[in-house]
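# Understanding the architecture of this molecule
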Amino acid sequence: MAYRQWEIMERASTGAFMEEKDFLNKRITSKMRAVIKEYGVKFDPAHPVPTDDAMADAVWQAAWDFFRDVGVYNQDTHRVIEFSEEEMREALYCAPSSYTVGLGKDSRVFGHRTVEDPRPPFVIFSPDITYHEADFFQACVAYLKEPLLDAICSPLLEDFQGRAIQSKTPFEIGGSMEHAMHLRSAARLMGVPGICMIAVGTAETDVAQLSVSQPDWGIRPSDGRLVSSITEMMTNNAMLNKGAHYQMYGSFSGNLTGTIYGAYAGGAEGTAIMQAAYHLMGLLLYGCNFQQNFPFHLKHGSNTGREMLWVVSMYSQAVSRNTHLVQDSNGFANAGPGTDMLFYEAAAHSIASTVSGANLWETAPARNKHANHGTPLEARLAAEVGHAVARQGMTRAQADEVVNLLLAKYEAHIPDAPLGQTFQELYDVAKAVPKTEYLDLYYRAKEDIAALGVEFLY
Amino acid sequence: METIKQLKDAMVEGDDARCAELAREIVAAGADLRAVIAELAAEMEEVGRRFEEMEIFLPEVLLSADAMTAIMAVFTPELSRDTAVATKGTVVVGTARGDMHQIGKDLVALFLQIAGFEVVDLGTDVDALDFIHEAERANADVIGISSLMTTTMPGATEVVTLLKDKGVRDRFKVVVGGAPTSQEWADKIGADGWAEESGGAIDVIKELISGRD
């Protein structure tokens with residue numbers, strides 16, 4: 001059972017009353033400023049992959065104090081759900097350090113990783129973007145063909161029965177069920193019927209999520225589910241519904257959170273601390289089994305810039321060094337598919353995450369906002385880089401050098417990153433394989449990355 | 001006047017207690033409050049520019065905005081009816097039905113307030129008809145709708161459709177925005193303005209309202 005689930009849920013209606021604006025504009029911002037100052041957390045732009053253990057521990061302590069003193073705001077009841085120091089310690093102590101997800105021969109161990117861990121990361125493949133209904137099935141097939149895939153969070157459906165899916169309508173229910181059915185069928189056809197699906201992203205609402213909890217054609221207890229927060233440190237009853245349902249249905253649940261750099265958390269320091277604090281929120285509020293991290297830049301909507309890679313590396317190290325929680329790191333790139341820039345961004349994110357103790361969730365291209373702009377190939381490259389740097393024993397200091405070299409290739413182009421091409425333009429959709437020219441680009445990028453010091457395994 | 005410079009500095013630093021103290025000194029000295037407010041507004045525009053460039057972050061902007069509020073709390077009772085600072089317009093903002101992503105909407109609301117607009121913030125996951133009812137109640141000039149997901153973009157379309165069905169489409173300008181939206185989509189649904197990001201939304205709203213005068 002999730003940690004003290006019902007006692008904590010009760011606080012959603014019995015916690016201290018507070019106006020939402022006061023929670024965001026005063027409680028969060030003032031506490032964040034205080035912990036940054038108290039623990040001396042400081043962003044160093046010269047080192048996107050920091051090697052300072054003391055700083056990583058300071059980030060964790062700051063996150064601990066921040067979460068304990070701030071709590072989580074419920075928008076529906078206007079009350080703050082708070083947790084005691086004892087509860088935080090107890091929940092952390094009791095949390096497992098790994099889970100076996102998926103079924104049978106397709107099951108995998110999704111576990112905690114240490115900083116500079118020689119074990120390869122668990123890799124979740126996902127474009128994190130909507131696809132048109134006509135090509136959705138083949139897009140799922142293309143992702144499921146990837147050899148390094150440990151779990152899949154497939155594309156989302158843009159439309160259902162020829163109509164745009166609208167949240168909170170029957171079309172969302174229909175689209176969510178179609179999503180689950182197609183993904184399940186595609187997995188069977190690709191010979192991985194038991195693979196862990198983290199699904200379904202098309203289901204935004206609690207009702208839609210409940211509609212796909214069906215072991216025959218939909219989502220099984222052996223699969224993963226996501227519940228999120230509202231920026232920042234806020235929830236609502238619909239999210240609490242999802243959290244409770246996942247626990248009782250038995251799925252592995254992940255806390256889907258992306259601290260926004262530049263917003264309520266402030267700059268890189270606050271973003272790293274907030275993202276670390278979300279691990280505690282997921283564990284205590286929703287009983288989550290893993291943390292799905294995607295901090296992103298307010299202006300660019302990505303996390304592959306210098307300041308964002310520092311954030312990714314720093315909170316990952318903080319959590320890895322101070323807990324045994326399971327975490328993954330979701331890459332959000334600026335460039336779109338079919339560009340060398342996207343491959344470099346995916347590699348940089350993968351390296352910074354892997355050496356810092358994170359698992360991988362790759363890759364959301366084109367600032368995560370253009371339909372059909374995502375392919376399995378950039379995720380494949382990120383996964384291969386992750387496996388390579390773990391197996392070769394790359395240190396953070398070495399990673400820092402390689403990431404700086406990668407940044408030199410694309411950093412200046414972040415504001416005007418190329419949109420790239422669609423899945424349909426880059427793949428033979430009927431066969432669900434990359435076109436020759438696209439593969440050539442991938443191989444060239446791989447050679448470039450290898451020349452920087454990544455020892456690919458094949 | 002040295003006190004005005006100190007006031008501007010204290011506002012940028014977000015020291016609202018110091019701001020209130022300096023504002024009272026300025027009132028006691030008999031300064032032209034409208035001129036002082038114009039200088040403060042220019043300073044806040046600079047705060048907005050620095051935020052747009054990510055030289056500073058939202059917490060600093062919020063502190064400055066709070067400090068500005070503290071100053072206005074001192075100045076406003078001193079302004080006679082004919083010298084009161086007129087609002088630049090009223091804007092109703094919210095996120096489309098089903099959409100819980102609030103940061104873009106929050107930024108638009110904040111910077112509209114800083115720029116001198118009246119803002120009615122309906123929050124997130126707003127029913128289409130609620131946008132219209134609140135706009136009617138506030139006699140708003142603009143309805144601003146944010147969608148961060150393709151599945152909530154139809155919620156913005158619904159607002160435009162209901163405005164037409166109620167026969168009040170011409171009463172309000174509609175501005176839509178959010179990461180997955182586009183000018184092409186805004187044109188298609190019959191919105192008056194579109195912006196991908198919060199900074200652009202302020203400019204679009206200013207332009208639409210000035211075009212009405």
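What you are looking at is a predicted structure, and each value in this text was computed from that prediction instead of being measured.

Conventions used here
Residues numbered from 1 in each chain as written. Chains lettered and ligands numbered in written order. Predicted model: local features only at pLDDT ≥ 70, side-chain atom pairs only at ≥ 80, totals over all residues. Helix = DSSP H or I, 4+ residues; strand = E, 2+ residues; numbered from the N terminus. Buried ≥ 20, exposed ≤ 12 C-beta atoms within 10 Å, placed from the backbone. Contact = placed C-beta atoms within 7 Å. Pairing = 2+ DSSP bridges. Axes fitted to C-alpha atoms, helices over the stretch in contact; angles between N-to-C directions. Domains from an automatic or database assignment. Nonpolar A, V, L, I, M, F, W, Y, C, P; charged D, E, K, R; others polar.

The next point concerns unusual backbone geometry. All names here are of chain A. Cis rather than trans, the peptide bond between alanine 199 and valine 200 has omega equal to -5 degrees. Here valine 200 shows up in the loop between strand E12 (196-197) and helix H7 (206-211). Note that the residue after threonine 231, namely glutamate 232, is joined by a cis bond; omega there is -25 degrees. Counting through the fold element by element, glutamate 232 comes out in the loop between strand E13 (224-228) and strand E14 (234-235). Of note, histidine 78 is a non-glycine position whose phi angle comes to about 60 degrees, a positive value. Inspection of the secondary structure assignment puts histidine 78 in the loop between strand E2 (72-74) and strand E3 (79-81). Residue classification places histidine 78 among the partly exposed residues on the basis of 14 C-beta atoms within 10 Å. For alanine 366, which is not a glycine, the phi torsion comes out positive at approximately 50 degrees. Note that alanine 366 resides in the loop between strand E20 (359-364) and helix H12 (376-391).

Each partner contributes residues to the interface: chain A has 25 residues there, and chain B has 18 residues. It is helix H2 (residues 20-39) of chain A that contributes the most residues to the side of chain A that touches chain B, three residues altogether.

Turning to the sheet that holds E14(A), a few remarks are in order. All names here are of chain A. Overall, mixed pairing links the four strands, which are arranged E1-E3-E2-E14 in an open sheet. In the strand order of this sheet, the two ends are held by strand E1 (16-17) and E14, each with one partner. Here three bridges tie E2 to E3, and the two strands are oriented antiparallel to one another. Looking across to E3, one finds that tyrosine 73 is bridged to valine 80. This element, helix H1 (residues 5-14), spans E2 and E3 of the sheet and lies at about 160 degrees to E3.

Turning our attention to the domain arrangement of chain B. All names here are of chain B. When cut into domains, chain B gives domain 1 (2-83) and domain 2 (90-212). Just the C-alpha atoms count here: the centres of domain 1 and domain 2 sit 28 Å apart. On the domain 2 side, the residues contacting the six residues of domain 1 number five residues. Looking at the side of domain 1 that touches domain 2, the elements that each hand over two or more residues are helix H3 (33-52) and helix H4 (58-75). The element contributing the most residues to the side of domain 1 that touches domain 2 is H3, with four residues. Taken together, the residues that form the side of domain 1 that touches domain 2 break down as four nonpolar, one polar and one charged.

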